[in-house]
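Survey of secondary and tertiary structure
Residue strings, one per chain:
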Amino acid sequence: MTTQENSSADKLRESLALRQAPREDAALITAARKDFHAILLEEHILGKCNKQVKGRTVCCGTNADANNALSVNLSMGILNRLSDQTNINEPEVGQTSGVLFEIAVAYFVRSTFLRLSTIRPGKWVVKQLGNHSDVCSSDFAQYEHLRRLDALAEKYGEIKTALGNDYIVSPDIVVYRDLYTDDELNAQDKIVDCQSAKQADLRLLDPEGLERKPLLHASISAKWTMRSDRAQNSRTEALNLIRNRKGRAPHIVVVTAEPSPSRLASLALGTGDIDCVYHIALYELQDAMQEIAKTNPDPAEQLESLVKGKRLKDISDLPLDLSV
């Protein structure tokens, strides 16, 4: 990240660390969804901006493709339903908006999923990694063999040439489960001893007394928009996580603010890789689409097919889906 991106990211992390949880007059997830949107607006990740297109100024949402009229209209429709703000902000430079979006998504997951202990108890950790984190898929139990494979590839050029270097994935956000000591497992009833369950992944120590790695529960890819082929990296990462695992596959999901149904479909359609795509404001997008459908029904039908086909959900569905 650049110095500017690092500074913006650090400021947001500090701000969220001090942020007060929303008053829960509403249900937990409803309140957290509203607070998530407030963060996006307060930090100018989501907002109105002016973009130059072929010598003219287009006022649109920061998540819009200014060259695409449908994207502009939908982005403004979402924004008008989330906020009454009229300020025009400069869009973030470079990858800054993407980094801030990752931090905000991680905060939402942390403030919701970690509160679901009654239906999904466990020692859970939610962590935003970013592009330059030292943590990657091989730091988790299902993928630790890839670290040894990587060491062999570095030593023997033929192996590296054959395998490439994309088998180790660095997700934007991970949810992982820390392991239990035998004392913790036996706290209420004697569950384990040294005679059985020796290779159970949930036990912290293996038979040799060495610590096992934590279990990767979910890989979350945060894509502010889907403007380029980089969005398809999420599909490649998903396939690598599925193919290269030993043990249970993690949840593999994408969270996005992309307003265009066709671009959402480019990633959401199909099965076998990504579990589901989650939109930051699906309800508002559907509502905005109803107005457009009066004159242009095709995008509305495409959006509806993604929702009915369970390929596109609202971000508020994510915490409960992660508890499965």
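A few points on the structure. Everything quoted here is computed from the prediction, not taken from an experiment.

Comments concerning unusual backbone geometry
Unusually for a residue other than glycine, Lys54 sits at a positive phi of about 50°. Along the polypeptide, Lys54 turns up in the loop between strand S1 (48-53) and strand S2 (56-61). Phi is positive for Ala197, close to 50°, though the residue is something other than glycine. Relative to the helices and strands, Ala197 resides in the loop between helix H7 (182-185) and strand S5 (215-223). The exposure class of Ala197 is partly exposed, given its relative accessible area of 40%.

Structural notes on the packing of helix H3 (residues 69-82) against helix H10 (residues 282-293)
Each pair of packed helices can be described by the angle between their axes along with the distance between the axes. Interaxial distance between H3 and H10 falls to 8 Å at its minimum, and their mutual angle equals 125°. Relative to H10, the element H3 lies oblique. H10 is crossed by H3, and the crossing has right-handed handedness. Of the residues in H10, those in contact with Leu70, Asn73, Leu74, Gly77, Ile78, Arg81 and Leu82 of H3 are Glu284, Leu285, Asp287, Ala288, Met289, Glu291 and Ile292.

Thoughts on the pattern of salt bridges
Pairs can form between side chains of opposite charge once their charged atoms are near each other. A full pass over the atoms with the stated rule returns 13 salt bridges. With a shortest N-O distance of 2.9 Å, Arg19 and Asp35 are connected by a salt bridge. Linking Arg19 in the loop between helix H1 (3-17) and helix H2 (28-42) with Asp35 in helix H2, this pair joins segments that are 16 residues apart in sequence. Taking the relative accessible area as the measure of exposure, Arg19 reaches 22% and is therefore partly exposed. Judged by relative accessible area, which is 12%, Asp35 ranks as buried. Measuring nitrogen to oxygen at the nearest pair gives 2.9 Å for the salt bridge that ties Arg33 to Asp314. In this pair, Arg33 sits in helix H2 while Asp314 sits in strand S8 (residues 312-314), placing the two residues 281 residues apart along the sequence. One salt-bridge network, held together by shared partners, links Arg19, Asp35 and Glu42.

Concerning the packing of aromatic side chains
Tallied over the entire structure, the rule returns 4 aromatic pairs. Both rings, one in Phe36 and one in Phe108, keep their centres 5.5 Å apart while their planes meet at 50°; by these two values the pair is tilted. Within this pair, whereas Phe36 is found in helix H2, its partner Phe108 is found in helix H4 (residues 96-113), the two being separated by 72 residues in sequence. As far as burial versus exposure is concerned, Phe36 and Phe108 are alike and both buried. Geometrically, the ring pair formed by Phe101 and Trp224 is edge-to-face, given 5.1 Å between the ring centres and 65° between the ring planes. Residue Phe101 is found in helix H4, and its partner Trp224 is found in the loop between S5 and helix H8 (233-243); the two are separated by 123 residues along the sequence. Residue Phe101 is classed as buried on the basis of its relative accessible area of 0%.

Parameters at a glance
Residues numbered from 1 in each chain as written. Predicted model: local features only at pLDDT ≥ 70, side-chain atom pairs only at ≥ 80, totals over all residues. Heavy atoms only, no water. Helix = DSSP H or I, 4+ residues; strand = E, 2+ residues; numbered from the N terminus. Buried < 20%, exposed > 50% of the residue type's maximum accessible area, 1.4 Å probe, protein only. Axes fitted to C-alpha atoms, helices over the stretch in contact; angles between N-to-C directions. Parallel < 35°, antiparallel > 145°, perpendicular 65-115°, else oblique. Left-handed = near helix turned anticlockwise from the far one by under 90°. Contact = heavy atoms within 4.5 Å. Salt bridge = Lys/Arg side-chain N within 4 Å of Asp/Glu carboxyl O. Phe/Tyr/Trp six-rings, centres within 6.5 Å; stacked < 30°, edge-to-face > 60°.

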